[in-house]
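Fold and geometry: a report
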Amino acid sequence: MSRLFIDFAIQAYLAGAAVGIAAPLIGCFLVQRRLSLIGDATGHLAFAGVAIGVAVGVAPIWGALLTALVGAVALEWLRAKGRLAGDVSLALIFYLGLALGLVVLSAHGGLTASSTGVLFGSIFTITWLDVWTIALLCALVVGAVALFYKELVAVALDEETARASGLPVDSLNVLLVVLTALLVAAGMRVVGLLLVAALLVIPVAAGARLAHSFRSAMLWAIAAGLTSTLAGLVVALLQGTIAPGGTIVLAAATVFAVAAVVGRRAARRHPRSSAA
Amino acid sequence: MSELTVELAGVRFGYGAAPILDGVDLTLGAGEFSVLAGANGSGKSTLLKLLVGLLRPNAGTVRVLGGSPTDPDIRRHVGYAPQGLRMATSLPVSVTEVVAAGLAPSKGMLRRLDRKDWTRVTEAIEAVGLGDLSAECLFELSGGQQQRAILARALVGHPRLLLLDEPTTGIDQRLRPALVRELRHRADDGATVIAVSHDPDEFHEVCERILVLVDGRLQRITHEEFHHQFHEHGAPG
């Protein structure tokens, strides 16, 4: 039990909590707009950024952040132009990012055990500097969502009507993918670039089962994200050898299963009216 | 004549080679209430989308409220209700949230909705008869109730131009007269109202004229002329 409260565990809780709160927050807008795969694609592209960072001697998180930002904005531009329709285009981007990262890393002798940490998380080896960097990135996400909440909701509910009523939809879409990129970079050390999209989606799916409004779904999703990251970390710390990135995502899946059962039972007990 | 709020001159539009709209001319002033009728595929929804700037004409000019329909400052004074629900149902959304979204453009960026705004949201929800269902999830309501919520979203900002695509479709017959009267009140307050409908009779008591799209052209006729032309020789819808 004592290992739950040692220094690296506290650092992990803080970093995990920051991502556990911010990921579902931004995930609500992505899921509602059926853009969940943008998070996945950005994560894959960020791997290429980590590799390029290693090649030029830049810390992985900054390489990941830069590539995620450029990649996310490019993806949104392609989507807005209608050139990113269908799963084949996104699959191409996934594999391009991974392959590019693999080639660059191996060419520079960086394909070591630490690259597994980039892909699947390495939260127990983070420093206080990493914690503050992750907290800053997540604070930017939370702050931007708080500032532009009503505009982001209006676009998430109905993009066409939002555009017709004068909202700067294109700028808000770019803001959304930029925030996604920040979150992907923040989540790299927590659950890894391959699993970070899970925290954008699974807690949101859980929140949707328990709520009757967008705002309450968002609050439930944040609670689910926070619970999942902390529970996943505790399990990994107690067991001692398993990867925390995996336990966090499995904990999120468990929370989702519980939410699905609770939500279904609540719906049976209190059926909503749907009169004419 | 009152201030012109809608000005179409020689508007042509088509998705392919054949134009849907072929030389549409129209001027409407503040406070005018018009029903837009026509057969399926005649271009009614297309005409509304041109007026809100979601489509651009192939030829001719479209001006609303004295400016371009793509100007954000103009768009903030336009209320648009598309036909049916156009949102993903991944997450629940309450009726109040949908209607409040209609205030986002006019409120301005970075400004939170205040108590006065929430009062307007409540009034708009009550105006469409959804007061008891304001906290309910939109996707759990009937099609008619969803349509009323969409109508409330268009009304909440008290726009100067209301463009409504089949606003009464799916709504209980008993509730329609009250909704139509609410639209008439908006026109009396100075708003220009264009409502697409397959049944202009619903608006007989409240609107001045019927705009009918036939073969890509707009005819401006009275209710009596509409009956004479289409009910006696076959309805356009």
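Residues numbered from 1 in each chain as written. Chains lettered and ligands numbered in written order. Predicted model: local features only at pLDDT ≥ 70, side-chain atom pairs only at ≥ 80, totals over all residues. Heavy atoms only, no water.

**Focus: the side chain of R184 of chain B**
- When you line up the elements, R184 of chain B lands in helix α7 (residues 176-188).
- Those residues in contact with R184 of chain B that lie beyond four places of it in its chain are G31, F33, V206, C207 and E208 of chain B. (Helix = DSSP H or I, 4+ residues; strand = E, 2+ residues; numbered from the N terminus. Contact = heavy atoms within 4.5 Å.)

**Describing the packing of aromatic side chains**
- Considering all chains together, one arrives at five aromatic pairs over all chains under this definition.
- A ring pair is formed by F8 of chain A and F124 of chain A, whose centres lie 5.5 Å apart and whose planes are at 70°; its orientation type is edge-to-face. Taken together, the residues F8 of chain A in helix α1 (residues 7-32) and F124 of chain A in the loop between α5 (113-120) and α6 (128-147) connect sequence positions 116 residues apart.
- The partly exposed category is assigned to F8 of chain A, whose relative accessible area is 31%.
- Its relative accessible area of 21% is what places F124 of chain A among the partly exposed residues.
- On the numbers, 4.9 Å between centres and 90° between planes, the contact of F13 of chain B with Y15 of chain B is edge-to-face.
- A residue is classified by how much of its surface remains accessible, and F13 of chain B, at 6% relative accessible area, is buried.
- It is R215 of chain A that lies over the ring of Y149 of chain A; its NZ or CZ is 5.2 Å from the centre. (Phe/Tyr/Trp six-rings, centres within 6.5 Å; stacked < 30°, edge-to-face > 60°. Buried < 20%, exposed > 50% of the residue type's maximum accessible area, 1.4 Å probe, protein only. Lys NZ or Arg CZ within 6 Å of the ring centre and 35° of its normal.)

**Describing the sheet that holds strand β7 (residues 192-196) of chain B**
Residue and element names in this part refer to chain B.
- The strand order across the open sheet built from six strands is β5-β6-β7-β3-β8-β9, with neighbouring strands paired in mixed fashion. Strands with a single pairing partner mark the edges of an open sheet, and in this sheet they are β5 (78-81) and β9 (217-221). Adjacent strand axes in the sheet meet at a mean angle of 20° when their direction is disregarded.
- Where strand β8 (residues 209-214) and β9 come together, five bridges link them in antiparallel fashion. (Pairing = 2+ DSSP bridges. Axes fitted to C-alpha atoms, helices over the stretch in contact; angles between N-to-C directions.)

**Digging into the domain arrangement of chain B**
All names here are of chain B.
- Segmenting chain B into domains produces domain 1 (1-77 + 160-237) and domain 2 (90-158).
- Counting residues at the interface gives 15 residues for domain 1 and 11 residues for domain 2.
- For the domain 1 and domain 2 pair, buried surface summed over both sides reaches about 1,100 Å², with 67% attributable to carbon and sulfur atoms.
- A per-residue breakdown of the area domain 1 buries against domain 2 is headed by R76, L179 and R186, which together make up 40% of the total.
- Connecting domain 1 to domain 2 are zero salt bridges.
- At the surface where domain 1 touches domain 2, the tally comes to three residue pairs in polar contact (both at pLDDT 80 or more). (Domains from an automatic or database assignment. Buried area = accessible area lost by both parts, 1.4 Å probe. Salt bridge = Lys/Arg side-chain N within 4 Å of Asp/Glu carboxyl O. Polar contact = N/O pair within 3.5 Å; in protein donor to acceptor, adjacent residues only side chain to side chain.)

**Side note on the pattern of salt bridges**
- Scanning all chains against the criterion turns up 20 salt bridges over all chains.
- The closest approach of N and O atoms between E7 of chain B and R63 of chain B, which form a salt bridge, is 3.8 Å. Separated by 56 residues along the polypeptide, E7 of chain B in strand β1 (residues 4-13) and R63 of chain B in strand β4 (residues 59-64) bring together distant segments of the chain.
- The class for R63 of chain B is partly exposed, based on a relative accessible area of 38%.
- Note that K107 of chain B and D114 of chain B form a salt bridge whose closest N and O atoms lie 3.2 Å from each other.
- One continuous salt-bridge network, built from bridges that share partners, spans R33, E159, R163 and D170 of chain A.

**So, the side chain of T5 of chain B**
All names here are of chain B.
- Note that T5 resides in strand β1.
- For T5, a relative accessible area of 1% translates into the label buried.
- In terms of polar contacts, T5 uses its side chain to reach the side chain of T192, at 2.6 Å.
- Non-local contacts of T5, meaning those with residues more than four positions away in its chain, are made with L28, G29, A30, R63, V64, L65 and T192.

**Quick look at a positive patch on the surface**
Residue and element names in this part refer to chain A.
- Side chains of R209, R264, R265, R268 and R269 sit close together on the surface and give a patch of like positive charge.
- When residues of the positive patch are assigned to their parent elements, the largest contribution, four residues, is made by helix α12 (residues 244-269).
- Along the chain, R209 turns up in helix α10 (residues 196-210).
- The class of R209 is partly exposed, set by a relative accessible area of 40%. (Patch = residues over 30% accessible without salt bridge, like charges linked within 9 Å, V, L, I, M, F, W, Y side chains within 5 Å. Areas by Shrake-Rupley, 256 points an atom, 1.4 Å probe, with all protein chains shown as cover. Lys, Arg positive; Asp, Glu negative; His and termini not counted. Charge placed at Lys NZ, Arg CZ, Asp CG, Glu CD.)

**Remarks on the state of the cysteines**
- Taken as a whole, this structure holds zero disulfides over all chains when the rule is applied.
- C137 of chain B forms no disulfide, and the closest cysteine sulfur to it belongs to C28 of chain A, at a distance of 14 Å. (Disulfide = S-S within 2.5 Å.)

**Description of the nonpolar core**
- F29 of chain A together with F203 of chain B are the most contacted members of the largest nonpolar core, which totals 127 residues.
- Two domains each put at least three residues into this core: domain 1 (1-77 + 160-237) and domain 2 (90-158) of chain B.
- The next biggest cluster of nonpolar side chains, apart from the first, holds 30 residues, and it includes L36, L55, V64 and V78 of chain B. (Core = buried A, V, L, I, M, F, W, Y, C linked by side-chain atoms within 4.5 Å.)

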